[in-house]
Amino acid sequence: MLANYAFIAIFFVAAVTFPLAPLVLAFFLRPKRPTPIKQSTYECGLEAIGDLRVQFKVQYYLYALAFVIFDIEVVFLYPWAVAFNQLGLYGFTAAAVFLIILTAGLIYEWRKGALEWV
Amino acid sequence: MYDIVNGLINTTFGWNWPGWVIALISHLLVTTLLFAIAPFQMLFLTYYERRAIARMQDRIGPNRVGPAGLLQPIADGVKMFTKEDIVPAAADRWVHFLAPCVVVAPTMLMFAVLPWGPGMVPVDLNVGLLFFFAISSISAVGLLMAGLASSNKFALLGAMRAVAQMVSYEIPAVLSLLAVVMLTGTLSIVQLIEAQAGLFISSADVPGVPDLGLGWFIFTPVGLLAFIVFFIAALAEGERTPFDIPEADSEIVAGYMTEYSGMKFGLFYLAQYVLNFLLCAIAAVIFFGGWQGPGVGWLYDRAISPANPDGNWVFNLLAGFLGVFYLLAKTYAFFFVMVWLRGAFPRLRVDQLMDFGWKFLIPLTLVNIVSAAIWVALLRWGPEQGITFTQNWTPILRWGVAFAVTLAVNIVAYIALARIFAASQAEQGRIDLDEYRDTLTATLR
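Residues numbered from 1 in each chain as written. Chains lettered and ligands numbered in written order. Predicted model: local features only at pLDDT ≥ 70, side-chain atom pairs only at ≥ 80, totals over all residues.

Which residues make up the overall build of chain A, and what values do they have?
Of the regular secondary structure elements, chain A holds 3 helices and 0 strands. Scanning chain A from its N terminus toward the C terminus, one meets helices and strands in the order α-α-α. Since a compact globule built from 118 residues should have a radius of gyration of about 13 Å, the 25 Å found for chain A marks it as more spread out than a globular shape. Projected onto its principal axes, the C-alpha coordinates of chain A cover approximately 70 × 50 × 15 Å. Counting over 118 residues, chain A shows a buried share of 16%. (Helix = DSSP H or I, 4+ residues; strand = E, 2+ residues; numbered from the N terminus. Rg over C-alpha atoms; globule rule 2.2 N^0.38 Å. Buried ≥ 20, exposed ≤ 12 C-beta atoms within 10 Å, placed from the backbone.)

Tell me about the packing of helix H6 (residues 139-150) of chain B against helix H7 (residues 153-184) of chain B, and name the residues and values.
All names here are of chain B. In contact at an axis separation of 7 Å, H6 and H7 are set at 165 degrees when each is read in the N-to-C sense. In terms of orientation, H6 lies roughly antiparallel with respect to H7. Of the two possible hands of crossing, H6 and H7 adopt the one that is left-handed. Along the contact surface, H6 presents Ala140, Leu143, Leu144, Ala146, Gly147, Leu148 and Ser150, while H7 presents Ala155, Leu156, Gly158, Ala159, Met160, Ala162, Val163, Met166 and Val167. Considered class by class, the residues forming the contact of H6 with H7 number 13 nonpolar, 3 polar and no charged. (Axes fitted to C-alpha atoms, helices over the stretch in contact; angles between N-to-C directions. Parallel < 35°, antiparallel > 145°, perpendicular 65-115°, else oblique. Left-handed = near helix turned anticlockwise from the far one by under 90°. Contact = placed C-beta atoms within 7 Å. Nonpolar A, V, L, I, M, F, W, Y, C, P; charged D, E, K, R; others polar.)

Summarise the interface of chain A and chain B; cite the residues concerned and give the values.
On the side of chain B, 60 residues touch chain A, which itself brings 51 residues to the contact. The set of elements that each furnish at least two residues to the side of chain A that touches chain B consists of helix H1 (2-29), helix H2 (59-82) and helix H3 (84-112) of chain A. The biggest single contributor to the side of chain A that touches chain B is H1 of chain A, with 18 residues. When the residues that make up the side of chain A that touches chain B are grouped by side-chain class, the tally is 39 nonpolar, 7 polar and 5 charged.

Could you give an account of the confidence of the model for chain B, with specific residues and numbers?
Residue and element names in this part refer to chain B. The predicted model of chain B averages 83 in pLDDT, with 93% of residues at 70 or higher. Of all secondary-structure elements in chain B, the lowest mean pLDDT belongs to helix H1 (residues 2-12), at 63, while helix H9 (residues 221-237) reaches the highest, 90. Here the predicted complex scores 0.88 on pTM and 0.87 on ipTM. (pLDDT = per-residue confidence, 0-100.)

Which residues make up the environment of Ala21 of chain A, and what values go with them?
The residue Ala21 of chain A is located in helix H1 in this model. Here the alpha-carbon distance between Ala21 of chain A and Arg33 of chain A, two residues 12 residues apart in the chain, equals 22 Å.

And the structure:
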C-alpha cells in the first residue's frame, strides 16, 4: 500500500516537471522583443479602464457555497457506498434520512431563488 | 507492467533481482511511457477534431502539412515553441507563469490510476476513483490563477465562469459515479473493470453467465442513467461545446486564456485535450468495461498474473494489446461524440447551464442513488441484511425483478424531473418577457 503512494510521488514529480520542460525549451527558442503597446492589457482597441479587483457578481459565491455543502455530502456518501453491500436496511435508512435532509435543502434553495441567475 | 518486467528479468533471464528494484524499474518505465504518450495523444486529438469538424461543416480541414495533414499538429507545436511570450505589463508575472503549470500537472497526475489493459495499471489505488476526481478538481485553481493574474476583465470573467461551471458539474459527475460504486462496493478502478465481466449481465450479479467481457454497467438501468448524467457533466468539466462558456469567443475573447501566448497558451491547450481524453477514457472504463471485451479475459487467464504466476508473458503482451485496443476504441468513440456535439449544437447561456446542472442533473443523480440501492437490495441482500422475500428466487429472477424495478423508477424519475425543470424554465421565460415589456413601455412613454 505504501509502495503505491511512493509511485504516486514519482508520478507527482514527473507531472510537475512535465509543464516546465517545454516552457524552458521555449524560453531559449522564442524571440524577446517587448514593446509597451504589445504589453498593454488586451481590450477591443481601447485602453482598459479601471481596476480589475472590482465587486463581482454574488451569484458565483452562492453557487460555491452550495457546492461546498454538496461536496461534503459526497465525501460522506462514498464510504457508505463502498460498504453498502453489507450494511442492510438500517444503513440504508440512515443514509436515506441524510439524503432527504439534503434534498430538502436543495428544494429550499431552489424555492428561495438562490439558484436563479439574476 | 510489474508482472511483465518481473517475468522478463527473473523468469526468462533468471537474474533474480529483488522485488523493489523490479518495482522501481517498472514504475519508472510506466511513468516515462505515459508522459511520452500523452503529448502525442493530444496532438492526434487536435488533428482528429479539426478534420472531423471540418467534414461536418462541409470543409476539408488541414491537409497540406504531411500526408493528409497528419503533420499539422507538429507544425503547430513548432509555432508554439517559437512564438514570443507576451506578458502584459499589468499582470502578476509569477502567478501568470505558474497558472498553466498548475493546470497541466494535476491533469497528468490523473494518468496514475487509469488502467490501460489487464494487469496494466500504473498504480492500483484502493481509492482510485476518488483520487481521479479529487485531482481533476485542482485544475480549477489554476484557471482562477490565470484569470486573476492576467489583470484583464475578459480573463477574470472567463475564469469565474470556468470555476463556477467546474464546481457545479463536479457534483452530478461524482454523484452519478456513486451509484456505480454502490453496485460494486469498491473504489478501485481495476476492480470496477473486473466487475464488468459477463455477457450483458455481469458475472458478479448472476453466477454462470458466460464471460465475454461484455457485462458492462451501461446495460443496467442504473448504469445507463449514471452514464448519461456523467457524460453531460464530463462535457461541462472539459469545457466542450455546448458548455464552452468559459472561452466563448464571441462574448469574452478567449476567457482565461486571453492574455496567454506562445508555449503557455500551448500548455492550456494541452491540458484541455488531455483532460478530454481522460474523461472519455474514464467514461469508457467505468460504464463500458474499459479493456473488457471478447477475448481479453481468455488471454489473460493464460498470462502471468497474481492469480497465475506460472503463466506465459507472451499472453500478457497479447492480452495487453487487445485490452488497449478495446479501451482506445471506446475512448475515441466518445471523443467522436464530443466532436459531433460541437458540430451539432450552439453554445448554452450561463444561466441555462447552471440551471440544468443544479435543477435537473443533481435531482436525477439523487434518484439514481436510490435506484442503485434498490438494485443491490433485490440482487445481493439476504436475511442477514433484513431482506427475506427474495430468499427462494433464482439469481436470474432476482436480476430480472431488479432490472424491471430500477428501470421503472428511473424512467418515472426522468419524466417527472424533466417536467418540473421545463416548467420552471418556462416560468422564468415569462417573467423575463414581462419585465422586458414593462421597460419597453416605460421607455416609449
